[in-house]
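A look at the structure
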Amino acid sequence: MGSFNDSFGGGFILLGFSDWPQLEPVLFVFISVFYSLTLFGNSTIITLSVLDPQLHTPMYFFLCHLSFLDLCYTTSTVPQLLINLHGPDHTITYGGCVAQLFISLALGSTESVLLLMMAFDRYVAVCRPLHYTTTMHPQLCQVLALFSWLGGLLNSLIQAGIVMAMPLCGLRVLNHFFCEMPVLLKLACVDTNGTEAKMFVARVIIVAIPAALILGSYVHIARAVLRVKSMSGRRKAFGTCGSHLLVVSLFYGSATYTYLQPGSSYSESRGKFAALFYTIVSPMLNPLIYTLRNKDVKEALRKVLGIGRDSG
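As recorded in an unreviewed UniProt entry, the protein goes by Olfactory receptor and comes from Erinaceus europaeus. Per UniProt, the comment on the protein under Function (unreviewed entry) is "Putative odorant or sperm cell receptor." Quoted verbatim from the Sequence similarities (unreviewed entry) heading of the UniProt record, the comment on the protein is "Belongs to the G-protein coupled receptor 1 family."

Structure, rendered in structure tokens:
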């Protein structure tokens, strides 16, 4: 019984969606399109946020970080998936698997904390509008963003380190399309109950607590909006917060399914499709959700493209 890198130095075989061979060509086309849209949409948000001074606000500062996260997250998994779907080679090296595990955990954890920071920004904007500019000053925004990244990295170091230290045995086959924590744990040669309990505590801290705090902030936001007498004011407040709430629901819904259920009840087949959602679909939808009804972004796009308001 060897350690992680001794027993599996040759790497792993990612089964991906080989159980459904008739589905693989369809998935290849759809995922290629979604990945292209993800790259284009998130790159556009980052570019506009940098180029247009009107978007140099806390909301777009955090949105820029979210777009960068989504770009990195999809790129850490989707190219490998497309290779597996298109050809017979379903292998991934030991180093590649470890890197994929660490990066995906770090980025997912960072996004969880970052969404909490974005909720705090919306809370101050709606519930403390007169103090918004003094509260959400650039230095605080940078500290909150840095805290998100460091928190995600620390969580990934702890959880990935625990998995890498566990002895694994059996076949080198992962019933997934990338190296994800629940699937790797199934290869453990030892009893994982104690390890899973420790990891569950870490996941509660990084997923459940931010989700609960976001829910609490939106209760206060809803109360503040209902006190606004003008319908236009209510629409504006709900418009700025609705996009974030939808992104939060998509992210925490899929993350809760994968990471906050007991390992014994985890279904690898359903887990693969849930992972498709938060690695591909959600990052593709985020730019659309935030920009579809956003006049600031549309105006910034007109300026960058040199299109006048009248001609739009």
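**Topic: the overall build of the protein**
Of regular secondary structure, the protein possesses 11 helices and three strands. Reading the helices (α) and strands (β) of the protein from amino to carboxyl end gives α-β-α-α-β-α-α-α-β-α-α-α-α-α. The globule rule puts the C-alpha radius of gyration for 312 residues at 20 Å, and the 21 Å found for the protein is close to it. Taken over the C-alpha atoms alone, the protein extends approximately 65 × 45 × 30 Å along its principal axes. The buried share of the protein, taken over its 312 residues, is 48%.

**What about the UniProt feature "transmembrane region" (unreviewed entry) in the protein?**
Taking the numbering used here, the UniProt-annotated feature "transmembrane region" (unreviewed entry) corresponds to residues 26–48, 60–78, 98–120, 140–166, 200–226, 238–260 and 272–292. Along residues 140–166 one finds 96% helix and 0% strand; the C-alpha atoms at either end are 39 Å apart.

**Things to note about the environment of C241**
You can see C241 is positioned in helix α9 (residues 231–259). Sequence spacing of C241 and G11 is 230 residues, and the spatial spacing of their C-alpha atoms is 44 Å. Other than its neighbours up to four places away in sequence, C241 contacts R122, V126, Y218 and I221.

**So, the confidence of the model for the protein**
Here the protein averages 85 in pLDDT, and 91% of its residues register 70 or above. Predicted confidence is poor over residues 1–8, with pLDDT under 50, and the contacts of this stretch with residues over four places away or in other chains come to 25 contacts.

**Overview of a nonpolar patch on the surface**
Where nonpolar side chains cluster on the molecular surface, the patch consists of V26, V29, F30, V33 and L37 and spans about 440 Å² of accessible area. Tracing the backbone through its elements, the reader meets V29 in helix α2 (residues 24–51).

**Section: the environment of G95**
Mapped onto the elements of the fold, G95 is located in helix α4 (residues 94–127). Given a relative accessible area of 41%, G95 falls into the partly exposed group. Spatially, the C-alpha atoms of G95 and G11 are 7.7 Å apart, while their sequence positions differ by 84 residues.

**Quick notes on the pattern of salt bridges**
For side chains of opposite charge, pairing can occur when their charged atoms come near one another. Applying the stated criterion across every chain yields a total of three salt bridges. Across the pair D19 and K272 runs a salt bridge whose closest N-O atoms are separated by 3.9 Å. With D19 in the loop between β1 (12–14) and α2 and K272 in helix α10 (residues 268–291), this pair connects stretches of sequence that are 253 residues apart. Taking relative accessible area as the criterion, D19 reaches 43% and is therefore assigned partly exposed.

Scoring rules and cut-offs
- Residues numbered from 1 in each chain as written.
- Predicted model: local features only at pLDDT ≥ 70, side-chain atom pairs only at ≥ 80, totals over all residues.
- Heavy atoms only, no water.
- UniProt positions renumbered as here; feature names shortened; annotations may be inferred.
- Helix = DSSP H or I, 4+ residues; strand = E, 2+ residues; numbered from the N terminus.
- Rg over C-alpha atoms; globule rule 2.2 N^0.38 Å.
- Buried < 20%, exposed > 50% of the residue type's maximum accessible area, 1.4 Å probe, protein only.
- Contact = heavy atoms within 4.5 Å.
- pLDDT = per-residue confidence, 0-100.
- Patch = residues over 30% accessible without salt bridge, like charges linked within 9 Å, V, L, I, M, F, W, Y side chains within 5 Å.
- Areas by Shrake-Rupley, 256 points an atom, 1.4 Å probe, with all protein chains shown as cover.
- Salt bridge = Lys/Arg side-chain N within 4 Å of Asp/Glu carboxyl O.

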